[in-house]
Amino acid sequence: MPEIHVVRKDNRHLYASYFDPYFRLRHEIYVKQRKWMALDRPDGREIDQFDTEEAVYLFCLDKGQLIGAMRAVPTLLPTLMSEIFPELNIRGPIHRPDVYELSRIFVIPERRGEHAGPRIEMLLLTAIMEYGISIGVTGFSIVLESWWLPRFERCGWKAHPLGLPRMIDGMSVLAVLVDCDEATWKSLCEQTGLLQPTLTWQGLDGISRQALPDVFLHLPPAAQPTQ
Amino acid sequence: MHGTEAYWGRRALDFVDAIEASKTTASVISQFEKVIHDLGFHAYIMAGIPTPGQSLASLTLANGWPAEWYALYIRENLHAVDPVPRHCLATLNPFVWAEAPYDRERDPKAHHVMMRAHDFRLAQGYCIPIHYDDAVGAISLAGERPYLDAETKSALHLMSVFTHGRLRALARPAPGAPARRRLSEVEAEVVRWAARGKTAWETGQILGLSERNVRWHLEEAQRKLRTKNKTATVALALVNGEIML
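These numbers come from a predicted model, not from an experiment. (Residues numbered from 1 in each chain as written. Chains lettered and ligands numbered in written order. Predicted model: local features only at pLDDT ≥ 70, side-chain atom pairs only at ≥ 80, totals over all residues.)

Quick look at the overall build of chain A
Spelled out, the test is: Numbered from the N terminus, helices here are DSSP runs of H or I no shorter than four residues, and strands are runs of E no shorter than two. Our exposure labels follow a C-beta count within 10 Å of each residue's own C-beta, placed from the backbone: buried means 20 or more other C-beta atoms, exposed means 12 or fewer, and partly exposed covers the counts in between.
Assigned secondary structure in chain A consists of five helices and nine strands. Start at the N end of chain A and walk to the C end: the helices and strands fall as β-α-β-β-α-β-α-β-α-β-β-β-α-β. Counting only C-alpha atoms and orienting by the principal axes, one finds that chain A spans roughly 65 × 40 × 35 Å. Within chain A, the proportion of its 227 residues that are buried is 34%.

What follows is the structure, encoded as structure tokens:
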């Protein structure tokens, strides 16, 4: 079973060896595959101005290999939405201690879709909710490609639009604010079949965390066959 | 222009807020019909995209086509030659009907569908593809001379996708609601074969459906039973008496 590790400034030294492959993977996925050429750098690593000390990463590790990741940036600092795509948000700027902006959500190509075990993208979506609840976050702002919306709806992520979709580099993109709450987390756990929290908080003992609710897998009520 | 942009941005967000607060399908549909009417669209459909042998009716989430057009479309299996649903399989982005490519010389049937649509005042349209891992659907809107400028299209895109999502959410049974039969005949049939260990491809061979078609029915069964994979769908369908072996 893959593990999802919380990586932030307090424990970053424990994951030093993962950062170079991580930035190279981002280059591979965002520059080479998805052709976001504005992110191209000659050193073959995709690093931007939001990869600061304050950025929090979720690393999905399987047998020591990085197979997926996600980045969360506090909205009290500059974000993609505030600096690069402000026109996508017409509800007003978001600078709140309880909202983080998610970006660079990816799974390596060979681990996308269905494999043994839960889908990695579902694990990441579940894990970030767990992180949010644990540290008192109530929402995530995201700039994303519009075709994700029905997928969010299907897995129970409640997304509120912040403005109209726009065509950017040939893709329809929009800004949303997603609720981070216990109900969504529990529902995601049930969907992925997780019975307990999934995050690994290595070297983060100093961080105070809020308790998570219990998760139970509800057996469906057996109905009498209708004849 | 900037004024229009601000107006439709606000109006689309207000619309989404209103339908998220609406508790019934009828209320969501009537708000949706009103807003698209204001933009010059008098017809729409929200459905899964059928493949040969599959019925559009079983995949329809909301039907606002003129009744005669819908009947004709189904009777003559027009979805099989219509370039609009075909283009949905090839793109993630919304498009206007006129952008759905077809070769007028080599594909006269495609041209014929587009021309017949005119008879029902469906001269111009806008289509939003819906892509899941295992199924494709679409929201398609049409009118005689609808607004199709960039701002209108953005607003329509947003409002349509959230209407589609809200209708799906309202179609799900409330937690704890009494179990009853929720699967259609064909969905139950497909789940029954899954329970016997058949793959989607094998089930397609047995029932004379395409593999994608079978996957769509499984997806619909999954949605209705609020399960997340084939195994759970089979288990819940058995326990609730939706299927029997």
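Okay, back to it.
Here's the deal with the overall build of chain B
Applied cut-off: In this description the radius of gyration comes from C-alpha coordinates, and the expected globular size is given by 2.2 Å times residues to the power 0.38. Each residue gets a C-beta atom placed from its backbone, and two residues are in contact if those atoms lie within 7 Å.
The number of helices and strands found in chain B is ten helices and five strands. A globule of 245 residues ought to have a C-alpha radius of gyration of about 18 Å, and chain B, at 19 Å, matches this closely. Across its three principal axes, chain B shows a C-alpha extent of roughly 60 × 50 × 30 Å. Every one of the 245 residues in chain B was classed for burial, and the buried ones make up 40%. Nonlocal contacts in chain B, meaning residues at least 24 apart in sequence, comprise 63% of its contacts between residues at least 6 apart.

Some words on the interface of chain B and chain A
Applied cut-off: Residues are grouped as follows: Ala, Val, Leu, Ile, Met, Phe, Trp, Tyr, Cys and Pro are nonpolar; Asp, Glu, Lys and Arg are charged; every other residue, Gly included, is polar.
In this complex, chain B contributes 27 residues to the contact, which on the side of chain A involves 25 residues. At the level of elements, helix 1 (2-21), strand 4 (124-131), helix 6 (150-171) and helix 10 (230-239) of chain B are the ones that each hand at least two residues to the side of chain B that touches chain A. When residues of the side of chain B that touches chain A are assigned to their parent elements, the largest contribution, seven residues, is made by helix 6 of chain B. In the side of chain B that touches chain A, the residues fall into 15 nonpolar, eight polar and four charged.

So, the pairing of strand 8 (residues 171-179) of chain A
All names here are of chain A. Selection criterion: Two strands make a pair as long as DSSP finds a minimum of two bridges between them.
In terms of strand pairing, strand 5 (residues 139-145) meets strand 8 through seven bridges, oriented antiparallel. Of the residues in strand 8, the one forming a bridge with Val-143 is Ala-175. Two strands pair when backbone bridges link them, and strand 6 (residues 159-161) and strand 8 are joined in this way by three bridges, in the antiparallel orientation. When the bridges of strand 8 are listed, His-160 appears paired with Leu-177. In terms of strand pairing, strand 7 (residues 166-168) meets strand 8 through three bridges, oriented antiparallel. In the sheet register, Ile-168 faces strand 8, and the bridge partner there is Met-171. The hairpin turn running from strand 7 into strand 8, its antiparallel successor, is two residues long, and Asp-169 in that turn takes a positive phi close to 50°.

Points about the sheet that holds strand 4 of chain B
Residues and elements named next belong to chain B. Pairing within the open sheet is antiparallel, and its five strands lie in the order 2-1-5-4-3. Lying at the two open borders of the sheet, with one neighbouring strand each, are strand 2 (60-63) and strand 3 (95-96). By the bridge criterion, six bridges tie strand 1 (residues 43-48) to strand 5 (residues 136-143) in an arrangement that is antiparallel. Among the inter-strand pairings, Tyr-44 is bridged to a residue of strand 5, identified as Leu-141.

Digging into the environment of Arg-106 of chain B
Along the chain, Arg-106 of chain B turns up in the loop between strand 3 and helix 5 (108-119). Note: C-alpha distance between Arg-106 of chain B and Pro-66 of chain B (40 residues apart in sequence) is 29 Å.

Quick notes on the nonpolar core
To keep things clear, this is the line we draw: Residues of type Ala, Val, Leu, Ile, Met, Phe, Trp, Tyr and Cys that are buried and joined through C-beta atoms within 7 Å form what is called a nonpolar core.
Counting 95 residues, the largest nonpolar core has Leu-58, Leu-124, Ile-128 and Val-176 of chain A together with Ala-12 and Met-159 of chain B as the members making the most contacts within it. Considering every element that reaches this core, the biggest residue donor is helix 3 (residues 120-135) of chain A, with nine residues. Grouped together as the second largest cluster of nonpolar side chains are 15 residues, Leu-183, Ala-194, Val-214 and Leu-236 of chain B included.

Quick look at the environment of Arg-116 of chain B
Residues and elements named next belong to chain B. In this structure, Arg-116 sits in helix 5. Classification of Arg-116 as partly exposed rests on a count of 16 C-beta atoms within 10 Å. Residues Arg-116 and Trp-69 lie 47 residues apart in sequence; the distance between their C-alpha atoms is 8.9 Å.

Quick word on the confidence of the model for chain B
Residue and element names in this part refer to chain B. Selection rule: On a range of 0 to 100, pLDDT expresses the predictor's confidence in each residue.
A residue-level look at chain B finds 93% of positions with pLDDT of 70 or above and a mean pLDDT of 90. In the model of chain B, helix 8 (residues 200-207) stands out as the element of lowest mean pLDDT, 86, in contrast to strand 3, which has the highest, 98. The ipTM, which scores confidence in the relative placement of chains, is 0.88 for this predicted complex, and the corresponding pTM is 0.82.

Concerning the confidence of the model for chain A
If pLDDT is low for a region, its predicted coordinates should not be looked at in detail. With 93% of its residues at a pLDDT of at least 70, chain A reaches an overall mean of 90. Low pLDDT, under 50, characterises residues 220-227 of chain A; the predicted model gives this stretch 13 contacts beyond four residues in sequence or across chains.

Describing the domain arrangement of chain B
Residues and elements named next belong to chain B. Worth spelling out the cut-off: In this document the domain limits rely on a domain assignment from an automatic tool or a database.
We note that the domain assignment places domain 1 (2-171) and domain 2 (185-239) within chain B. Look at where the C-alpha atoms of domain 1 and domain 2 centre, and you get two points 27 Å apart. At the junction of the two partners, domain 1 supplies eleven residues and domain 2 supplies ten residues.

A word on the environment of Ile-142 of chain A
Along the chain, Ile-142 of chain A falls in strand 5. Each residue touching Ile-142 of chain A, except ones within four places of it in the same chain, is listed here: Glu-101, Leu-102, Val-176 and Val-178 of chain A.

Thoughts on the pairing of strand 3 (residues 65-74) of chain A
Residues and elements named next belong to chain A. With seven bridges connecting them, strand 2 (residues 56-62) and strand 3 associate as antiparallel partners. The residue bridging Leu-58 from the neighbouring strand is Met-70, located in strand 3. Linking two consecutive strands that pair antiparallel, namely strand 2 and strand 3, is a turn of two residues; a positive phi of about 50° is found at Lys-63 within it. Across six bridges, the pairing between strand 3 and strand 4 (residues 99-107) is antiparallel. Bridge pairing in strand 4 links Gly-68 to Val-107.

Description of helix 1 (residues 16-33) of chain A
Residues and elements named next belong to chain A. To be explicit about the condition: For a helix, the expected span equals 1.5 Å multiplied by the residue count minus one.
For helix 1, built from 18 residues, the straight-helix expectation of 26 Å at 1.5 Å per residue is met to within 8% by its first-to-last C-alpha distance of 26 Å. Here helix 1 has its buried residues at Tyr-18, Tyr-22, Leu-25 and Arg-26. Those residues of helix 1 that are buried lie in contact with strand 2, strand 3 and strand 4. Positive backbone phi, at 60°, marks Lys-35, one or two positions downstream of helix 1.

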